[in-house]
Amino acid sequence: MLTNITLGQYYPVDSWVHRLDPRTKILLTIGIMVAVFMVHSLAGYAVVLAFIWLISRLSKVPFKMLARGVKALRIILVLTFVLNLFFTTSGTVLVQWAFITITREGLTQAVHYSLRLVFLVVGTSLLTLTTSPIALSDGIELLLSPLKRVHFPAHELAMMMSIALRFIPTLLEEADKIMKAQMARGADFETGNLIARAKAMVPLLVPLFVSAFRRAGDLAMAMEARCYHGGENRTRLRVLKITRNDFLAAASVAGLILLIVLEGLIL
């Protein structure tokens, strides 16, 4: 399951989406999230799905890689669906058996929240898969740069977020190695009830946290050894520029939001 998580990974290919300005991709990802939260029908979700499929084709990122990222969250998706289905008791009753009550509103809400979670994960995965950590850090910093006038630590926040995203695949790989080593020594992570599985995760979490703190210390020492002082007088190898493709991408997302709004007004 750990290898299925795609958030934080970068898929290095040359595509139209990869060449977009990272600031544009960040804002457009937020726009897609806004569109997802505005959807209130299956037809709207079909439109968003078609749009994301088109982006995945333009980015040359395999759609199965995006689906693999959703697969890693299947437990959260099941919990989201079940909790909304059985704990929403107001509305038209569809099934009534003993203490179990399923309503039309509960079923609708369960489907909506589950699909929203899926599209949010896929949208953010597309952002990290098509944007390198350095470009993502530069984009976040430039978007937050107006807040520097009120002494907001824009560079520090952008660097912190990019480092966190960068080390997600590394920590997952480390966790996978530790899990395989523990299983070779007889550890069992698959059988037993929820409490037993939670206890079985202790031999995995302790060395993983130790490794994470060690990596953080090594990174801090390396940055200090290179006289790193944040964004002060910092230059960039690649200067970010907004091109015509960025305006085309922004127009496409604006069209998606407009289509969702019109679909909601019609239905």
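Located above this text is the structure these notes cover.
Remember, it's a predicted structure, so these values are computed and weren't measured experimentally.

Draft legend 1. View of the overall build of the protein chain. Broken down by element type, the protein chain carries ten helices and two strands. Across the protein chain, helices and strands are ordered from the amino to the carboxyl terminus as α-α-α-α-β-β-α-α-α-α-α-α. Dimensions along the principal axes, computed over C-alpha positions, put the protein chain at roughly 70 × 55 × 40 Å. With 267 residues in all, the protein chain has 34% of them scored as buried. Restricting the contact set of the protein chain to residue pairs at least 6 apart, pairs at least 24 apart contribute 74%. Surface exposure of the protein chain reaches about 16600 Å², of which carbon and sulfur atoms provide 69%. When the 27 positive and 16 negative side-chain charges of the protein chain are each reduced to one mean point, those points stand 5 Å apart.

Draft legend 2. Layout of the packing of helix 2 (residues 42–59) against helix 5 (residues 104–129). The interhelical angle for the contact between helix 2 and helix 5, taken along N-to-C directions, is 15 degrees, at an axis separation of 11 Å. Here helix 2 is positioned roughly parallel relative to helix 5, judged by the angle of their axes. The hand of the helix 2/helix 5 crossing is left-handed. Between helix 2 and helix 5, the contacting residues are Leu42, Tyr45, Val48, Leu49, Ile52, Ile55, Ser56 and Ser59 on the first element and Val111, His112, Leu115, Arg116, Phe119, Val122 and Leu126 on the second.

Draft legend 3. Representation of a nonpolar patch on the surface within the structure. On the surface, Ile75, Val78, Leu79, Val82, Leu83, Phe86 and Phe87 cluster together into a nonpolar patch covering about 670 Å² of accessible area. Turning to its location among the elements, Val82 is positioned in helix 4 (residues 74–86).

Draft legend 4. Spotlight on the environment of Arg68. You can see Arg68 is positioned in helix 3 (residues 63–71). Taking the C-alpha atoms as reference points, Arg68 and Ile100, 32 residues apart in sequence, are found 33 Å from one another.

Draft legend 5. Spatial organisation of the packing of aromatic side chains. Scanning the entire structure with this criterion turns up one aromatic pair. Seen from their ring centres, Tyr45 and Phe119 are 5.9 Å apart, and the 5 degrees between their planes marks the pair as stacked. With Tyr45 in helix 2 and Phe119 in helix 5, this residue pair connects regions lying 74 residues apart in the sequence. We note that Tyr45, like Phe119, is buried. In this structure, Arg116 is placed above the aromatic ring of Tyr113, and the distance from its NZ or CZ to the ring centre is 5.8 Å.

Draft legend 6. Focus on the side chain of Ser125. Relative to the elements of secondary structure, Ser125 occurs in helix 5. Its relative accessible area of 2% is what places Ser125 among the buried residues. A distance of 2.8 Å separates a polar atom in the side chain of Ser125 from the backbone oxygen of Val121.

Draft legend 7. A look at the environment of Ile102. Here Ile102 shows up in strand 2 (residues 100–103). Each C-alpha atom, one on Ile102 and one on Leu85, is 6.4 Å from the other, the two residues being 17 residues apart in sequence. When residues no more than four places from it in sequence are discounted, the contact partners of Ile102 are Leu85, Phe86, Thr92, Val93, Leu94 and Val95.

Draft legend 8. Spatial organisation of unusual backbone geometry. One non-glycine residue with positive phi stands out, namely Lys60, at about 65 degrees. Locating Lys60 in the fold gives a position in the loop between helix 2 and helix 3. A positive phi angle, close to 65 degrees, is found at His151, a residue other than glycine. For His151, the position within the fold is in the loop between helix 6 (133–144) and helix 7 (154–184). On the basis of relative accessibility, which here comes to 74%, the residue His151 falls in the exposed class.

So, how was this worked out
Here the residue numbers are simple positions, counted from 1 along each chain's written sequence. Given that the model is predicted, a residue must reach a pLDDT of at least 70 before its local features are reported, and side-chain atom pairs must reach 80 or more before they are shown or counted; all residues, however, enter totals for whole chains, interfaces and linings. With hydrogens and water stripped out, all remaining heavy atoms of the structure feed into the side-chain values. By the criteria applied, helices consist of DSSP H or I runs no shorter than four residues and strands consist of E runs no shorter than two, each listed in order from the N terminus. Remark: exposure states derive from per-residue accessible area (1.4 Å probe, protein chains only) relative to the maximum for the residue type, with buried under 20%, exposed over 50%, and partly exposed in between. Only heavy atoms enter the contact rule, under which two residues are in contact if any of them lie within 4.5 Å. Here, Shrake-Rupley sampling with a 1.4 Å probe gives the accessible areas, and only protein chains in the shown set may cover a residue. Counting rule for charge: Lys and Arg are taken as positive, Asp and Glu as negative, and neither His nor the chain ends is counted. Lysine's charge is taken at NZ, arginine's at CZ, aspartate's at CG and glutamate's at CD. Note on geometry: axes are C-alpha line fits, over the in-contact stretch for helices, and angles between N-to-C directions span 0 to 180 degrees. Roughly parallel covers angles under 35 degrees, roughly antiparallel covers those over 145, roughly perpendicular covers 65 to 115, and oblique covers all other angles. Left-handed describes a crossing whose near helix is turned anticlockwise from the far helix through less than a right angle; right-handed describes the clockwise counterpart. Surface patches are defined over residues having more than 30% relative accessible area and no salt bridge, joining like charges when they lie within 9 Å and nonpolar side chains (Val, Leu, Ile, Met, Phe, Trp, Tyr) when within 5 Å. In what follows, salt bridge is the name for a side-chain nitrogen of Lys or Arg lying within 4 Å of a carboxyl oxygen of Asp or Glu. Note on aromatic contacts: the rings of Phe and Tyr and the six-membered ring of Trp form a pair at centre separations within 6.5 Å, being stacked when their planes are under 30 degrees apart, edge-to-face when over 60 apart, and tilted otherwise. Placement of a charge over a ring requires the Lys NZ or Arg CZ to be within 6 Å of the ring centre, with the centre-to-atom vector within 35 degrees of the ring normal. Identification of polar contacts relies on pairs of N or O atoms within 3.5 Å, with a donor-acceptor requirement for protein atoms, meaning one able to donate a hydrogen and the other able to accept it, and with residues adjacent in sequence counted only if both atoms are side-chain atoms.

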